[in-house]
Amino acid sequence: MYCAKFVHTIHSLKTANFSTLLCYDRLFCDITYSVTSCTENEANRYGRFLCAMLETVMRWHSEKAIFDKECSNYPGFVTKFRVSNQFSEANDMVGFENYRHVCHKWHYKITKAIVVCLDSKDYVQIRNSLIILIKILPHFPVLAKLSQILERKVEKVREEERGQRQDLHVLATSYSGQLKAKTPNMIREADFHHVGDKTGKTQDTSNSDASEKIGDGISSKEITNGDTRIEKENKDQREKRSASNQLHHDSSEKIRKKEESKENSEGKDKHLKKDEIKEDDTIDKKDRKYYKEEHYYGSGVDNLDRDLSSVSNSSASSGPTQDGSDRDAKRRKVENVQKEGRRSEGSLDKKERSSKGKIRDEQKELRREKKIRTKKG
């Protein structure tokens, strides 16, 4: 109740830059998520809040005199904001008939959200929607057509939950009875708002010249240098599309060029790798016999130094200079030899340690045996 009264108070105080229409529109247009996320107590409070909001909305909807007194020339019903913040002109405000169209949209949106929850088969959604329907029954539904839709859905829930989820069955039965009691007070859609071509006849000629319909009845037009909002949006959309197309074309060209450069570089890399592989194969064939000998891996650092000197002497006396790839290949071979020499040294150290450990164990056993013999003697 406090929140509903607070919104009405802000509207009544003519608070600048507060749109009462937008506030109500956001609250009524999609209540599905709010209904789904509520607990049972929260659903009761949310229903009371919606009932208080609908009470204000339907009071403004009931008579033109009340609407003119409480809504006309109020900033909450301005549909076009100017730089000078002057909103007193008739063309800037929502008229009574347009407001009635918006109320019809809100009732339709609430009905749609409740029907989605009732058809969901989910316990929480069905329970919360029935609780909210009971709370807002004084002001919703008021249209005969929407009332029939809700009555059919609630009756379906009542039959499906008979003997299964008894609390839902009781809620559905309670609401169905209260809704049927209110049926004689329902009004037709034509009495709720003007339908079809009647809307254009009831509006003033000044409104029809200076405004266009947006959504379900709110008329609004921004006048900036003689261009309407819709024309301006169309121009902006065309410019955005052309700019996006140009950007897409430029990006596709860049991507294509990058792919071509990548393919060229990959081709060059493949040729270079093939040449390096061939050179490595020739070096492997020459040095394979020597690298296979076992004394090379077990002889330690001296052989490594001799190999390094022999490699340098052979490269100096071989006549023409070799490429950088040959040097890299030989360097790799030498590094591999060093690594394997270190591995062999590590394995020898492990063997020596294990042999020393065995000797120590044997000595300990001999000492134990001597002690045992001396004790027996």
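Residues numbered from 1 in each chain as written. Predicted model: local features only at pLDDT ≥ 70, side-chain atom pairs only at ≥ 80, totals over all residues. Heavy atoms only, no water.

This brings us to unusual backbone geometry. Of the consecutive residues F140 and P141, the connecting peptide bond is found in the cis state with omega at 0 degrees. Positioned with a positive phi, N17 is a non-glycine residue whose angle comes to about 65 degrees. Mapped onto the secondary structure, N17 falls in the loop between α1 (2-12) and α2 (20-29). Backbone geometry places K121, a non-glycine residue, at a positive phi of 65 degrees. Relative to the helices and strands, K121 resides in the loop between α6 (96-118) and α7 (123-135). (Helix = DSSP H or I, 4+ residues; strand = E, 2+ residues; numbered from the N terminus.)

This brings us to the confidence of the model for the protein chain. Per-residue confidence for the protein chain gives a mean pLDDT of 76; residues scoring 70 or more make up 62%. Per-residue pLDDT stays below 50 along residues 198-230; that stretch engages in 49 contacts with residues further than four places along the chain or on separate chains. A low-confidence stretch, residues 286-323 (pLDDT under 50), is modelled with 25 contacts involving residues beyond four sequence positions or located in other chains. (pLDDT = per-residue confidence, 0-100. Contact = heavy atoms within 4.5 Å.)

Counted under the stated rule, the structure contains 13 aromatic pairs. Centroid distance Y46 to F49: 6.4 Å. Interplanar angle 25 degrees. Geometry classified as stacked. Pair noted here: Y46 and F49 are both in helix α4 (residues 40-62), with a separation of three residues, about one helical turn. If you follow K14 out to its NZ or CZ, it ends over the ring of Y74, 4.8 Å from the centre. (Phe/Tyr/Trp six-rings, centres within 6.5 Å; stacked < 30°, edge-to-face > 60°. Lys NZ or Arg CZ within 6 Å of the ring centre and 35° of its normal.)

Once that is clear, we can look at the packing of α2 against α4. As a packed pair, α2 and α4 sit with axes 12 Å apart at the nearest point and diverge in direction by 135 degrees. Classified by the angle between their axes, α2 and α4 sit oblique to one another. Taken as a pair, α2 and α4 cross one another with a handedness that is left-handed. Of α4, the residues touching α2 (which contributes T20, Y24, L27 and F28) are Y46, F49, L50, M53, L54, T56, V57 and W60. (Axes fitted to C-alpha atoms, helices over the stretch in contact; angles between N-to-C directions. Parallel < 35°, antiparallel > 145°, perpendicular 65-115°, else oblique. Left-handed = near helix turned anticlockwise from the far one by under 90°.)

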